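Examining the three-dimensional arrangement
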Amino acid sequence: MHLKTLTLRGFKSFASATTLHFEPGVTCVVGPNGSGKSNVVDALAWVMGEQGAKSLRGGKMEDVIFAGTTGRPPLGRAEVALTIDNADGALPIEYSEVTISRTLFRNGGSEYAINGQGCRLLDIQDLLSDSGLGREMHVIVGQGQLDAVLRATPEERRGFIEEAAGVLKHRKRKEKALRKLDAMQANLTRLGDLTGEIR
Ligand code: ATP
């Protein structure tokens, strides 16, 4: 599995559609300060489901949409598409090439798609999580993040290892299931009270 192309359109400083082609192996992005190198990495994190505006170096999610320059008006939407070579079947989907895409509209609406078919964010997260890609998977190590790892408490370090080992996904599912069970228990208690009152 390797990343093949990344297309940005209206994402941060990339107002016009821009496609980056990657080959297997190491890719370096070079350019002057402020030319948009980190924006490319932000686009990768974003299309893989990042939900935190701060992780994308913004104040709110809308900040990923091209805000305009002196010669160019702001745009109404940001779009990023990532094509992954899946010839080795690392992603659990029957396509040798998978394109995931994400669009955000200035009115707040957003869309996700896998190979052009509209889907939920959860579908993208599920597709990527077993491959070690995706949000919170530490495949993207940002500036200053190494310091954070070195300064982490033992609990936080355990969290990193659990993520790398793929335990996190199951822990989150367990927490969700326990929350549902709690809510169900509260409903049952309320039902018991009501039944008692009616008798
Ligand atoms: P450095 O080498 O200093 O880390 P860089 O190449 O990584 O720089 P980025 O941080 O990726 O640069 O890009 C910063 C540029 O992106 C700034 O000029 C900023 O104005 C522009 N930018 C960020 N968000 C938007 C947006 N929503 N609309 C337009 N331009 C934006």
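Small disclaimer: the values here were computed from a predicted structure and weren't measured. Within any chain, residue numbers begin from 1 and follow the written order of that chain's sequence. Note on the predicted model: pLDDT of at least 70 is required for a residue's local features to be given, and 80 or more for side-chain atom pairs to be given and counted; whole-chain, interface and lining totals, by contrast, use all residues.

1. Topic: the site of the ligand
Applicable threshold: Throughout this description, a residue near a molecule or strand is one whose C-beta atom, derived from the backbone, lies within 6 Å of it. Here the nonpolar group is Ala, Val, Leu, Ile, Met, Phe, Trp, Tyr, Cys and Pro; Asp, Glu, Lys and Arg are the charged ones; every other residue, Gly included, is treated as polar.
Within the structure, the ligand sits among 14 residues, and Asn33, Lys37, Ser38, Asn39 and Ala67 are positioned closest to it. When the residues that make up the shell around the ligand are grouped by side-chain class, the tally is 3 nonpolar, 8 polar and 3 charged.

2. What about the sheet that holds strand 4 (residues 97-105)?
The line we're drawing: The criterion for strand pairing is that DSSP finds at least two bridges linking the strands in question. Comment: elements are numbered from the N terminus, with helices defined as DSSP H or I runs of at least four residues and strands as E runs of at least two. To define axes, lines are fitted to C-alpha atoms, for helices over the stretch in contact only, and angles between the resulting N-to-C directions are given on a 0 to 180 degree scale.
Spatially, 6 strands are ordered 2-1-3-4-5-6 in an open sheet, and the strand pairing comes out antiparallel. Taken across any chain shown, the strands that pair with only one partner, and hence form the sheet edges, are strand 2 (18-21) and strand 6 (117-119). With strand direction ignored, the average angle separating the axes of adjacent strands in the sheet is 20°. Note that strand 1 (residues 2-9) and strand 2 share 4 bridges and pair antiparallel. Bridge pairing in strand 2 links threonine 7 to threonine 19.

3. Topic: the pairing of strand 4
The side chains of a regular strand alternate between the sheet's two faces. Pairing of strand 3 (residues 77-85) with strand 4, which is carried by 9 bridges, proceeds in the antiparallel orientation. Pairing of arginine 77 across the sheet is with phenylalanine 105, part of strand 4. The sheet contact formed by strand 4 and strand 5 (residues 110-114) spans 5 bridges and is antiparallel. Residue pairing in the sheet places arginine 102 in a bridge with tyrosine 112 of strand 5. Turn length for the strand 4-strand 5 hairpin, with the two strands adjacent in sequence and antiparallel, is 4 residues, and the turn residue glycine 108 shows positive phi of about 105°.

4. Thoughts on the environment of threonine 5
Heads up, the condition is: Contact definition: two residues whose C-beta atoms, as placed from backbone geometry, lie within 7 Å.
Tracing the backbone shows threonine 5 in strand 1. Here the alpha-carbon distance between threonine 5 and leucine 20, two residues 15 residues apart in the chain, equals 5.5 Å. Those residues in contact with threonine 5, other than ones at most four positions away along the chain, are Thr19, Leu20, His21, Phe22 and Thr83.

5. Quick word on the pairing of strand 3
Summarising the sheet, strand 1 and strand 3 pair through 7 bridges and their orientation is antiparallel. Counterpart to arginine 9 in the pairing with strand 3 is glutamate 79.

6. Focus: the UniProt feature "binding site: ATP" (unreviewed entry) in the protein chain
Filter applied, for reference: UniProt positions are given in the numbering used here, feature names are shortened, and annotations may be inferred rather than shown by experiment. To assign burial, the other C-beta atoms lying within 10 Å of each residue's own C-beta are counted, with C-beta atoms placed from the backbone; 20 or more indicates buried, 12 or fewer indicates exposed, and intermediate counts indicate partly exposed.
This chain's UniProt record puts "binding site: ATP" (unreviewed entry) on Pro32, Asn33, Gly34, Ser35, Gly36, Lys37, Ser38 and Asn39. Its location among the elements puts serine 35 in the loop between strand 2 and helix 1 (37-47). Position of serine 38 among the secondary structure elements: in helix 1. Taking the number of C-beta atoms within 10 Å as the measure of exposure, serine 38 has 16 and is therefore partly exposed.

7. Re the nonpolar core
Note that soluble globular proteins tend to have their nonpolar side chains buried in a common cluster. How we decide: Structurally, a nonpolar core is described as a collection of buried Ala, Val, Leu, Ile, Met, Phe, Trp, Tyr and Cys residues joined by way of C-beta atoms within 7 Å.
The biggest cluster of nonpolar side chains holds 28 residues, and the ones touching the most others in it are Ala43, Val47 and Val80. If you list the elements that add at least two residues to this core, you get strand 1, helix 1, strand 3, strand 4 and helix 2 (121-129). If we ignore the near neighbours within four places in the chain, the residues touching alanine 43 are Leu6, Leu8, Phe11 and Val80.

8. Some remarks on the confidence of the model for the protein chain
Definition in use: The score called pLDDT rates the predictor's confidence residue by residue, from a low of 0 to a high of 100.
Summarising the model, the protein chain shows a mean pLDDT of 90, and 97% of its residues fall at 70 or more. Here the predicted complex scores 0.79 on pTM and 0.96 on ipTM.

9. Some points on helix 4 (residues 154-165)
Note the cut-off: By this rule the span expected of a helix is its residue count minus one, scaled by 1.5 Å.
The terminal C-alpha atoms of helix 4, which comprises 12 residues, lie 16 Å apart, in line with the 16 Å expected from a rise of 1.5 Å per residue. Helix 4 sits mainly on the outside: 0 of its 12 residues count as buried. Note on helix 4: the residue one or two positions beyond its end, glycine 166, has a positive phi of about 85°.

10. Digging into the packing of helix 4 against helix 5 (residues 167-198)
This is how it is decided: Here roughly perpendicular refers to angles of 65 to 115 degrees, roughly parallel to angles under 35, roughly antiparallel to angles over 145, and oblique to all remaining angles.
Two elements in contact, helix 4 and helix 5, have axes separated by 5 Å at closest approach and are oriented at 100°. By the angle between their directions, the pair helix 4 and helix 5 is classed as roughly perpendicular. Contacts from Glu162, Glu163 and Ala165 in helix 4 reach Val167, Leu168 and Arg171 in helix 5. Considering only residue class, the contact of helix 4 with helix 5 consists of 3 nonpolar, no polar and 3 charged.

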